[in-house]
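# Structural overview
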Amino acid sequence: MTESRICFVGDSFINGTGDPEYLGWTGRIVAAACQAGEEITYYNLGVRRDTSADILKRWLPEVSHRLPPDCNGKVLFSFGANDITLEKGKMRIDFPDSLNHAWQILEQAKLLFPVLMVSSPPLGNGEDNLRLAALSNQFEQICLNLSIPYLDVLTPLQQSPIWLNEVAANDGAHPQSAGYAELAELVKNWLGWTSWINAKKA
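What counts and how
Residues numbered from 1 in each chain as written. Predicted model: local features only at pLDDT ≥ 70, side-chain atom pairs only at ≥ 80, totals over all residues. Heavy atoms only, no water. Helix = DSSP H or I, 4+ residues; strand = E, 2+ residues; numbered from the N terminus. Buried < 20%, exposed > 50% of the residue type's maximum accessible area, 1.4 Å probe, protein only. Axes fitted to C-alpha atoms, helices over the stretch in contact; angles between N-to-C directions. Left-handed = near helix turned anticlockwise from the far one by under 90°. Contact = heavy atoms within 4.5 Å. Nonpolar A, V, L, I, M, F, W, Y, C, P; charged D, E, K, R; others polar. 1 Å grid on protein atoms, 1.4 Å probe; cavity = no way out; pocket = protein on both sides within 12 Å on 5 of 7 lines; lining within 4 Å. Points joined across faces, edges and corners; volume = space filled by probe spheres on them.

As recorded in an unreviewed UniProt entry, the protein chain goes by the name GDSL-type esterase/lipase family protein, listed as coming from Laspinema palackyanum D2a.

Another aspect to go through is unusual backbone geometry. Even without being a glycine, arginine 49 presents a positive backbone phi close to 70°. Assignment of secondary structure puts arginine 49 in the loop between strand E2 (40–46) and helix H3 (52–66). Classification of arginine 49 by relative accessible area gives partly exposed; the value is 47%. Residue serine 147 is not a glycine yet carries a positive backbone phi of 60°.

Relative orientation of the contacting elements helix H5 (residues 95–112) and helix H6 (residues 126–146) amounts to 30°, with a least axis distance of 10 Å. In this structure, H5 crosses over H6, and the sense of that crossing is right-handed. Residues Phe95, Ser98, Leu99, Ala102, Trp103, Leu106, Glu107 and Lys110 of H5 pack against Arg131, Ala134, Leu135, Gln138, Phe139, Ile142, Cys143, Asn145 and Leu146 of H6. Tallied by class, the residues present in the contact of H5 with H6 amount to 11 nonpolar, 3 polar and 3 charged.

Attention now moves to the layout of surface pockets. The space that makes up the largest pocket amounts to roughly 220 Å³. If you go around the largest pocket, you meet 13 residues; those closest to its centre are Asn82, Thr85, Leu123, Ala173 and His174. Residue assignment for the lining of the largest pocket shows that the elements contributing at least two residues are helix H1 (12–15) and helix H4 (81–84).

Here's what the structure looks like:
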């Protein structure tokens, strides 16, 4: 079996902020894959409050240090929630700029590594989620155009009492352990993920 090295790049949801078990969803899916027999080195590159602009600046140097050319390196991205957050009545990143950043990130990453993208999960505010859904739909189209597998977790988690209740009881944005476990189940059962981690370096 070939060991994989996987970098998870994104914001506080990649980081697992709010989880008292300090696993988030990324730690849970890697643990499950390793328990099933995969060999994975796991790098969590989630930074709280990071927007697509922040990730565009940092992802390649951070990933390159961890995924040398001779390894079976892979990158999973998830971001967007901080772009649509309002500050002084204005989104932190304008919609067209978010799309441009995402295209640059994903187009370059696709040339270098096998890539997946997972949507941002829902926040605790309905108006935020309307903007996030619009952005996520466009991110999905970018991934389609680049032939990058994309998983929408926003839609199902908006119907999840566990996710919504934990977010409301926590800080209004992040869940706790059970919410992250719900998100992890969505990814674990996604063919895009299971086929990706089983793929060997060409």
